[in-house]
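Fold and contact review
Listed below, chain by chain, are the residues.
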Amino acid sequence: MKTTSMVRADTRGDMPTPGESRVGNRLHICLGFSCNNNCLFCMEEDREARFQRLSNQTAEDVRRMMTADPDAREVMFTSGEPTLHPQLPEYLEMARDLGFPTVGMITNGRRLSNRAYARKLLESGLNHILISIHGPDAHVHDGLTRTKGSFNQALVGLANLLLLKREYPALKVHTSYVVNKRNYRLFREFFDVMLPFRVDQHVFNVMMPEGRGREFFDNLVIPYSMVAAEFKKFTDALPPEGLNRVFILDIPYCTTVGIKDSARGYVERYFHYEPDSTVLFQDGRTPDQRRPEADAEVYSRKVMSGDKHEYSKVTKTVHDQMVRIKRPECEQCGYNHICRGVFTSYIDRFGWDEFVPVQRKGDK
Ligand code: SF4
């Protein structure tokens, strides 16, 4: 490695190595084509396109997704709001019967306020729930979801899950908090409000300027260095049992070197299947047109075809290739091999100054 004035040595001596994803080979199944929240930063801005993509999806398609990759260990139902899909319990049972150790969903939690419904999902095999809660109170959360009552319903959902855990002790409950200009100073308040619910993990996802997030960029996106400074303050003050339960994701490693390694930089890896004609790179070309440049290991075309619907396997890595970039200096960074780069829209607005390559102390 070369050292230049643009390189930041990590003063702790060791190159902090953010761990591999805690998520296994996770399959996301996009299920819902509607949502009962209306989040400002929703990554799916075009609900009509989502409807077009998903409305023809059949139970057989879902089964084929679950059986296409024998290495998949986790399945998460997502996209739109999965609890609004009438066949969710059936799909959960299908996943359980196919032997997935982790059967989960990403939800706004509102329908879990109905305890009978929450119980039905657990009975059907659900054992991992990621609930999106974006603030310590209704003012912040409902303002971001643009849905009055969404915070209170999600908290009733958490209370129901706490009770149901007595019957389903294997259930894991995580929260997901999309970090933005309105809530990045409220980490500790949120953590304290969550304490009675005994949540297993709190994941703080730094907002991605995609979908509606691009539209509201100026209102919601703040520099990563400001997020990192607040998160450091928050985690430095947490007792060890609290620190073990909080993680900040979706933020380049070079901006978080001051944060304890256990709490930062775990990149989630997952893949999903997309109806073939809906996959487009930023330059407007389809993956097939980009095929020679694509990594054969992370993208396989038309994994499910024939007389049924055709789907392409899209991994997080391929998606990142579409929307993130690096600069030549990144070659000198010790995190280059694991870093996915920075959103082009972020760089257009804030520039490269924050992104200083990191090297182990003493590397030349
Ligand atoms: S590779 Fe570039 S963007 Fe990524 S952590 Fe290193 S300096 Fe930052």
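**Thoughts on the overall build of the protein**
The helix and strand inventory of the protein stands at 14 helices and 14 strands. For the protein, with 364 residues in total, the buried portion stands at 57%. Put simply, of all contacts in the protein between residues at least 6 apart along the chain, 76% involve residues at least 24 apart. Surface summary for the protein: the accessible area is close to 16,200 Å², and the carbon and sulfur share equals 50%.

**Quick notes on the environment of M94**
Tracing the sequence through the fold places M94 in helix α3 (residues 88–97). When its relative accessible area of 8% is taken as the criterion, M94 is described as buried. Residues M94 and V62 lie 32 residues apart in sequence; the distance between their C-alpha atoms is 9.1 Å. Not counting the four nearest positions on each side in its chain, M94 is found in contact with A59, V62, R63 and M66.

**Looking at the nonpolar core**
M66, F77 and F204 are the most contacted members of the largest nonpolar core, which has 91 residues in total. The leading source of residues in this core is helix α6 (residues 150–164), at 6 residues. Sequence-distant contacts of F77, that is, excluding residues within four places in its chain, are made with I29, L31, V62, M66, P82, L88, Y91, L92, V103, G104, M105 and I106.

**Remarks on the packing of helix α4 (residues 115–123) against α6**
Closest axis-to-axis distance for the α4/α6 pair is 10 Å, and the angle between their directions is 50°. The orientation of α4 with respect to α6, classified from their angle, is oblique. In this structure, the crossing between α4 and α6 has a hand that is right-handed. Note on element contacts: α6 touches α4 through N160, L163 and L164, opposite R115, A118, R119 and L122. Of the residues in the contact of α4 with α6, the class split is 4 nonpolar, 1 polar and 2 charged.

**Points about the environment of F190**
Tracing the backbone shows F190 in helix α7 (residues 187–194). The buried category is assigned to F190, whose relative accessible area is 0%. With 53 residues separating them along the chain, F190 and D137 place their C-alpha atoms 7.9 Å apart.

**Digging into the pattern of salt bridges**
Enumeration according to the criterion identifies 13 salt bridges in this entry. Here R185 and E230 are joined by a salt bridge, their closest N and O atoms 3.8 Å apart. Highlighted residues: R185 in the loop between β6 (172–179) and α7 and E230 in helix α10 (residues 224–236), separated in sequence by 45 residues. Note that K232 is salt-bridged to D236, the shortest N-O span being 2.7 Å. In this pair, K232 and D236 both sit in helix α10, 4 residues apart, roughly one turn of the helix. Judged by relative accessible area, K232 falls into the partly exposed class, the value being 33%. The exposure class assigned to D236 is partly exposed, which follows from its relative accessible area of 37%. One salt-bridge network, in which partners are shared between bridges, spans R185, E230 and K233.

**Considerations on α10**
Residues spaced three or four apart along an α-helix face the same direction, because each turn holds 3.6 residues. Here α10 is 13 residues long and its end C-alpha atoms lie 18 Å apart, about the 18 Å a rise of 1.5 Å per residue gives. Residues of α10 that are buried: Y224, V227, A228, E230, F231, F234 and T235. Looking straight down α10, one finds that the buried residues subtend no more than 165° of arc, so they occupy a single side.

**Some thoughts on the packing of aromatic side chains**
Scanning all chains against the criterion turns up 19 aromatic pairs. A centroid spacing of 5.6 Å and a plane angle of 80° characterise the contact between W352 and F355, whose relative ring orientation is edge-to-face. As far as the burial class goes, W352 and F355 line up, both buried. An aromatic cluster is defined as three or more aromatic residues linked by ring pairs; in this entry it consists of Y177, F187, F190, F191, F204, F231 and F234. Directly above the ring of Y117 sits R111, whose terminal nitrogen or CZ lies 3.9 Å from the centroid. In this structure, R349 is placed above the aromatic ring of F217, and the distance from its NZ or CZ to the ring centre is 4.5 Å.

**Structural notes on the site of the ligand**
If you check the shell around the ligand, you find Y253, C254, C330, C333, N336, C339, V342 and P357 and nothing else. In the shell around the ligand, the residues fall into 7 nonpolar, 1 polar and no charged.

**A few points about the confidence of the model for the protein**
The predicted coordinates ought not to be read in detail in places where the model reports low pLDDT. Across the protein, the average pLDDT comes to 82, with 78% of residues at or above 70. Taken together, the stretch residues 1–23 has pLDDT below 50 and engages in 70 contacts with residues farther than four places along the chain or on a different chain. This model gives residues 279–303 a pLDDT under 50, and the stretch forms 45 contacts once residues within four places in sequence are excluded.

**Quick notes on unusual backbone geometry**
In the Ramachandran plot, R146 falls in the positive-phi region, its phi being about 55° despite a non-glycine side chain. Mapped onto the fold, R146 is located in the loop between α5 (138–145) and α6. Positive phi is not limited to glycine here, since R198 has a value of about 50°. Structurally, R198 is set in the loop between α7 and β7 (201–206).

**Some words on the pairing of strand β3 (residues 74–78)**
Among the 5 residues in β3, 5 count as buried, and that is most of the element. Burial along β3 is two-sided: E74, M76 and T78 and V75 and F77, pointing in opposite directions, are all buried. Of the strand pairs in this sheet, strand β2 (residues 26–30) and β3 are connected by 5 bridges, and their pairing is parallel. In the sheet register, R26 faces β3, and the bridge partner there is E74.

The rules behind these values
Within each chain, residues carry numbers counting from 1 in the order of the written sequence. Where local features are concerned, this predicted model is filtered to residues with pLDDT of at least 70; where side-chain atom pairs are given and counted, the filter is 80 or more; whole-chain, interface and lining totals use all residues. The basis for every side-chain value is the complete set of heavy atoms in the structure, and neither hydrogens nor water enter the calculation. To qualify as a helix, a DSSP run of H or I must reach at least 4 residues; to qualify as a strand, a run of E must reach at least 2; elements of each kind are numbered from the N terminus. Buried, partly exposed and exposed residues are distinguished by accessible area as a fraction of the type maximum, computed with a 1.4 Å probe on protein chains only: under 20%, between the cut-offs, and over 50%, respectively. By definition, residues are in contact when any of their heavy atoms lie within 4.5 Å. Areas reported here follow the Shrake-Rupley algorithm with a probe of radius 1.4 Å; residue values treat only the protein chains shown as occluding. Definition of nonpolar core: a set of buried residues of the types Ala, Val, Leu, Ile, Met, Phe, Trp, Tyr and Cys, connected through side-chain atoms within 4.5 Å. Axes, fitted as lines to C-alpha atoms, cover a helix only where it is in contact. Angles between the N-to-C directions of the axes lie from 0 to 180 degrees. The cut-offs work like this: below 35 degrees is roughly parallel, past 145 is roughly antiparallel, 65 to 115 is roughly perpendicular, and the gaps in between are oblique. For a crossing to be left-handed, the near helix must be turned anticlockwise from the far one by less than a right angle; the clockwise case is right-handed. Gly falls in the polar group here, along with every residue not listed as nonpolar (Ala, Val, Leu, Ile, Met, Phe, Trp, Tyr, Cys, Pro) or charged (Asp, Glu, Lys, Arg). Any Lys or Arg side-chain nitrogen found within 4 Å of a carboxyl oxygen on Asp or Glu counts as a salt bridge. To estimate the expected span of a helix, count its residues, drop one, and scale the result by 1.5 Å. This arc is built from the directions going out from the helix axis to the C-beta atoms. Here a Phe, Tyr or Trp ring, Trp counted by its six-membered ring, pairs with any other such ring whose centre lies within 6.5 Å, and the pair is stacked when the planes are under 30 degrees apart, edge-to-face when over 60, and tilted otherwise. Only when the NZ atom of a Lys or the CZ atom of an Arg is both within 6 Å of the ring centre and within 35 degrees of the ring normal do we say a charge sits over the ring. We call a residue near a molecule or strand as soon as one heavy atom of that residue lies within 4 Å of the molecule or strand. As a per-residue measure, pLDDT tells how confident the predictor is, with possible values from 0 to 100. Pairing between strands is defined by DSSP: at least two bridges between them are needed.

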